[in-house]
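So the chains spell out like this:
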Amino acid sequence: MTSSHTDCHYCLQSLRGRKYALRDENAYCVPCYDSLYANPCEECKQPIQCSSKDLSYKGRHWHEECFKCAKCSRSLVEKPFAAKDEVLLCTECYSDEYSSKCFHCKKTIMPGSRKMEFKGSSWHESCFVCQYCRQPLGTKPLITKDNENYCVPCFEKQFAHHCYSCKKVITSGGVSCHDQPWHKECFVCAACKTQLYGQSFISQDEFPYCVDCFSKLYAKKCATCKKPITALGSVKYISFEERQWHGECFKCAKCSVSLVGREFLTRRDDILCYECGSA
C-alpha cells in the first residue's frame, strides 16, 4: 500500500510511491517487514511474506498453498481437518488412520459424529440399537447375548425365564424343579408354604413339598412301624398285596429275622419266615 508515511521505521528509506506494511502504528517497507515479522511456514520453512496469505492454527503458520493434508496433500483451506501429533490431516485421512470402526457396520466413525462405546467396542449412534425392536439404546440398560445387544424388555420377552409360580421374569439366580424355573422366594412347599431353597423336598404333580407335608399327604405307611415310606428314608422298600414295608421293617413277626430276599409266609396280617410259618 502507499500512504502519507514518508520513511521506513527500520531502514529509514523513503516510502514515497512504495508499498509498505503497518505494525504498531509504524510503517515498514516490505523487505524490512518480511525480515522482521514474517512468520515461517510450517511446511516449507520459508517466511510468509506480507504479500502472501498467512493461515494460522494453534500458533503455527502456513502459506495458503502449503496448508494441506500431510497424507493425501489435498488443500485444507476452508475445509474441515483434524490434527494428530501436530500433523494436519483431512477428515477422510484422519478417519482412515485413527478413527474407530463401528462394531456393527464396520464403517469408520467420523470425527464430530456421536460415538457410543460399550465393552471396549464402538458404534455409530444409529447402529447402537436393540437387536429385536431396533430402537436406539443410547444410555439405557441393556443385556448382551451372542454378541447382540437387547433392551431389557425385549430380552425378557425373548429369552428370560418366567417363574412357574408367579409367572414373572427371573432376572438372576432361581431354582429348577422338573425343568421348570422358580424364583428362590417362590420355591415353597405347596402345602405349608415353607421356603424350600437349599432344603430337602419331594415333588408331586410338578409341585414341591417339604418332607413332612409330603409324608402326611402322599407317602404310604409302613405296615410294621406305621411311619411314612419316603425316598428320604430307607432306600429299599417292599410291597406285597397292597401293603408296603421299609426294608428294615420287613422281618418275621415271630423271630424278627429279615425277610428281604427270602421266602416268607403270611398268617392273617403277619409275615413269617418259612421256618416259623411251617412250625
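From a predicted model like this one, the values you see are computed outputs, not experimental measurements. (Residues numbered from 1 in each chain as written. Predicted model: local features only at pLDDT ≥ 70, side-chain atom pairs only at ≥ 80, totals over all residues. Heavy atoms only, no water.)

Let's talk about the side chain of Ser121
When you line up the elements, Ser121 lands in strand S8 (residues 121-124). The class for Ser121 is buried, based on a relative accessible area of 19%. Contact partners of Ser121, with chain neighbours within four places excluded, come to Phe103 and Met116. (Helix = DSSP H or I, 4+ residues; strand = E, 2+ residues; numbered from the N terminus. Buried < 20%, exposed > 50% of the residue type's maximum accessible area, 1.4 Å probe, protein only. Contact = heavy atoms within 4.5 Å.)

A few points about the packing of aromatic side chains
Centre-to-centre distance and the angle between the planes together describe a pair of aromatic rings. In total, this model carries 19 aromatic pairs according to the counting rule given. When the ring of Phe103 is compared with that of Trp123, the centres are 5.2 Å apart and the planes differ by 55 degrees; the resulting orientation is tilted. With Phe103 in the loop between helix H2 (91-98) and strand S7 (115-118) and Trp123 in strand S8, this pair connects stretches of sequence that are 20 residues apart. Of the residues examined, Phe103 reaches a relative accessible area of 33% and is grouped as partly exposed. Judged by centre distance (5.4 Å) and plane angle (75 degrees), the ring pair of Trp182 and Phe187 falls under edge-to-face. A residue is classified by how much of its surface remains accessible, and Trp182, at 2% relative accessible area, is buried. Ring pairing ties together the aromatic residues Tyr164, Trp182, Phe187, Phe201 and Phe207, which thus form one cluster. Looking at Lys106, its charged tip hangs above the ring of Phe103, at a distance of 4.8 Å from the centre. (Phe/Tyr/Trp six-rings, centres within 6.5 Å; stacked < 30°, edge-to-face > 60°. Lys NZ or Arg CZ within 6 Å of the ring centre and 35° of its normal.)

Considering helix H1 (residues 30-37)
Every buried residue of H1 is accounted for by Cys32, Tyr33 and Asp34. If you follow the buried residues of H1, they end up packed against strand S1 (20-23) and strand S2 (26-29).

What about the side chain of His183?
Note on placement: His183 falls in the loop between strand S12 (180-182) and strand S13 (201-204). At 3.0 Å, the side chain of His183 forms a polar contact with the backbone oxygen of Val169. Among residues more than four places away in sequence, those in contact with His183 are Cys163, Cys166, Lys168, Val169 and Ile170. (Polar contact = N/O pair within 3.5 Å; in protein donor to acceptor, adjacent residues only side chain to side chain.)

Brief notes about unusual backbone geometry
Positive phi is not limited to glycine here, since Leu12 has a value of about 65 degrees. Within the fold, Leu12 resides in the segment before S1. Although it is not a glycine, Lys106 sits at a positive phi angle of roughly 70 degrees. Among the residues examined, Lys106 registers a relative accessible area of 56% and is labelled exposed.

A few points about the domain arrangement of the protein
Splitting the protein by domain gives domain 1 (97-158), domain 2 (162-217) and domain 3 (221-278). Look at where the C-alpha atoms of domain 2 and domain 3 centre, and you get two points 34 Å apart. (Domains from an automatic or database assignment.)

Concerning H2
Along H2, the residues classified as buried are Thr91, Cys93, Tyr94 and Ser95. On the buried face of H2, the contacting elements are strand S5 (81-84) and strand S6 (87-90).

So, the pattern of salt bridges
Applying the stated rule across the entire model yields four salt bridges. Glu125 serves as the salt-bridge partner of Arg114, at 3.0 Å between the closest nitrogen and oxygen. Separated by 11 residues along the polypeptide, Arg114 in the loop between H2 and S7 and Glu125 in the loop between S8 and strand S9 (142-145) bring together distant segments of the chain. The class for Glu125 is partly exposed, based on a relative accessible area of 38%. Between Glu275 and Arg262 there is a salt bridge whose closest N-O contact spans 3.8 Å. With Glu275 in helix H5 (residues 274-278) and Arg262 in the loop between strand S18 (243-246) and strand S19 (264-267), this pair connects stretches of sequence that are 13 residues apart. For Arg262, a relative accessible area of 38% puts it in the partly exposed group. (Salt bridge = Lys/Arg side-chain N within 4 Å of Asp/Glu carboxyl O.)

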